[in-house]
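# Coordinate inspection notes
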Amino acid sequence: MWKPVVAAIAFLAVGGSAFAASAINKDAQTRTLIVTEGGGKTELALAAGETVEFCPNGCFVTLPNGDLEALTGSETVEISGGVARVK
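To start, this report covers the structure provided alongside it. (Residues numbered from 1 in each chain as written. Predicted model: local features only at pLDDT ≥ 70, side-chain atom pairs only at ≥ 80, totals over all residues. Heavy atoms only, no water.)

### Observations regarding the side chain of E75
Among the secondary structure elements, E75 is positioned in the loop between β6 (68-71) and β7 (76-80). Of note is the side chain of E75, whose polar atom sits 3.1 Å from the backbone nitrogen of G73. (Helix = DSSP H or I, 4+ residues; strand = E, 2+ residues; numbered from the N terminus. Polar contact = N/O pair within 3.5 Å; in protein donor to acceptor, adjacent residues only side chain to side chain.)

Given below as structure tokens:
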């Protein structure tokens, strides 16, 4: 009886961060994304080669070129050559 409950709790604990969006900076210099989540804006600075997880529950992201993208929390934002692409 307890096995399914324990398995569900373990799955949620391990898989909880699997649904966050990721940002990867493949450039040699720091790039900044503006993240709007819950009505507040934050600057997310990514150093060269850095990968971060953010936006677990959906958000809006302003890319380095000024484009605004809506994220659900499962996407990857890849920055290369100063251009960001959402995958």
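So, next bit.
### So, the state of the cysteines
Counted by the stated rule, this structure contains one disulfide. Two residues, C55 and C59, share a disulfide whose sulfurs are 2.2 Å apart. Taking the sign of the S-S torsion, -120° for the link of C55 and C59, the bridge is left-handed. Among the residues examined, C55 registers a relative accessible area of 1% and is labelled buried. (Disulfide = S-S within 2.5 Å. Buried < 20%, exposed > 50% of the residue type's maximum accessible area, 1.4 Å probe, protein only.)

### Some points on the nonpolar core
L33, F54, L71 and V77 are the most contacted members of the largest nonpolar core, which has 16 residues in total. Those elements that provide at least two residues to this core are β1 (21-25), β2 (31-37), β3 (40-46), β4 (51-54), β5 (59-62) and β7. With residues near it in sequence (within four places) discarded, V77 still touches S22, A23, I24, L33, F54, L63, L71, A84, R85 and V86. (Core = buried A, V, L, I, M, F, W, Y, C linked by side-chain atoms within 4.5 Å. Contact = heavy atoms within 4.5 Å.)

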